[in-house]
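As a plain string of letters, each chain reads:
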Amino acid sequence: MMVKTGILEKLLGSIVEEKIEVVDMSQILNESTPVIQLPEPITNTGGFKLKQLSKYNETGPTFYWNDFVAGEHCGTHFDAPVHWISGKGLDSVDTIPTKNMIGEANVIDIREKVQENPDYCLTVEDIQSFEKQYGKLKKHSWVLVHTGWAKYVDDLEKFYNIGEDGLSHTPGVTKEATLFLVEQRDILGIGVETVGTDAGIADSFDPPLPVHYYMLGANKYGLAQLTNIDKLPAKGSVLIVNPLKIENGSGSPLRVIALVEKE
Ligand code: MN
């Protein structure tokens, strides 16, 4: 089959010539990689572990390889609709349409508000002021909530930010903003820098964990623990999000990359 339009050739040329930057938005996976900590009787995910099988030694003289153990919701990871009770029967990581693995990124910056209040949640007003400046959010796009939280990933005390009340004080998204993005804008999903897409105190919200409840319940997605959001423009970058094809998987660690056009 002949190449018709040359779009892909132009894209590849731009990447090779570095007119398009490929930004790595995933955190490193190792035994220190943060995972969500939930109270009993919840079974927590064990995080990431690497077990060396050989490294050019007697168990494998000419090669190096490892086994790894990892929670589906470990480090930079994808939440599939089936993860939440509201998404029961909807897509798991192996059944999400491949088309949905590529979409525009919209970066909504709430760093100042989060600096003042770590429990701050993105509001409908924040979305509307973003749209006033950059235009209406398009269908089939991601909303990335820029809180600045990724800078704490090497300091777990700050990353989890457990208060005297025993709760994790980390930012999120309001129920109203989540519903607005689902119902009024039909986005692909919400991406965040924190350990999960909901605020640390969102267990007390009605319903609890509204991002999980409404996004996943609408067959949309979540992305947690992103980094390098500050390398993306407010609009117009392309996010490539491809979770592992785990049969019936509820989520997956993944390497998220963004294509960013240089000025
Ligand atoms: Mn998750």
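Figured I'd write up the structure that's included with this text. Throughout, a residue's number is its position along its own chain's written sequence, starting from 1. Owing to the predicted nature of the model, reporting of local features is limited to residues with pLDDT of at least 70; listing and counting of side-chain atom pairs is limited to 80 or more, with chain, interface and lining totals taken over all residues. Values shown for side chains rest on all heavy atoms present in the structure; no hydrogens or waters enter the calculation.

## Here we look at helix 5 (residues 175-184)
1) Next: Three exposure classes are used, based on accessible area relative to the maximum for each residue type with a 1.4 Å probe and protein chains only: buried under 20%, partly exposed in between, and exposed over 50%. Counting from the N terminus, the helices are DSSP H or I runs at least four residues long and the strands are E runs at least two residues long. Ala177, Thr178, Leu179, Phe180, Leu181 and Val182 are the residues of helix 5 that are buried.
2) Next: Should any heavy atoms of two residues lie within 4.5 Å, those residues are counted as being in contact. In the core, the buried residues of helix 5 are packed alongside strand 6 (121-122), helix 3 (124-134), strand 7 (141-146), strand 8 (172-173), strand 9 (189-191) and helix 6 (210-217).
3) Next: The positive-phi residue at the C-terminal boundary of helix 5 is Asp186, with phi of around 50°.

## Points about the coordination of the manganese ion
1) Next: Donors, by definition, are the N, O and S atoms found within 2.8 Å of a metal, the threshold being 3.2 Å for Na, K and Ca, and water is not counted, so a site can look incomplete. Distances from the manganese ion to its protein donors, His73 (ND1), His77 (NE2) and Asp79 (OD), fall within 2.1 to 2.3 Å.
2) Next: When the donor residues of the manganese ion are listed from N- to C-terminus, their spacing reads H-x3-H-x1-D.
3) Next: Given a relative accessible area of 4%, His77 falls into the buried group.

## Considering the sheet that holds strand 12 (residues 251-253)
1) Next: What makes two strands pair is DSSP finding at least two bridges between them. Read from one edge of the open sheet, nine strands run 1-13-11-5-7-9-10-4-12, paired in mixed fashion. One side of each edge strand has no neighbouring strand; the edge strands of this open sheet are strand 1 (20-24) and strand 12. Each strand of the sheet is rotated relative to its neighbour by a mean of 25°, with strand direction disregarded.
2) Next: In terms of strand pairing, strand 4 (residues 77-79) meets strand 12 through three bridges, oriented antiparallel. Considered in strand 12, the bridge of Asp79 is made with Gly251. Between N-to-C directions, angles span 0 to 180 degrees; the directions come from axes that are lines fitted to C-alpha atoms, helices contributing only their stretch in contact.

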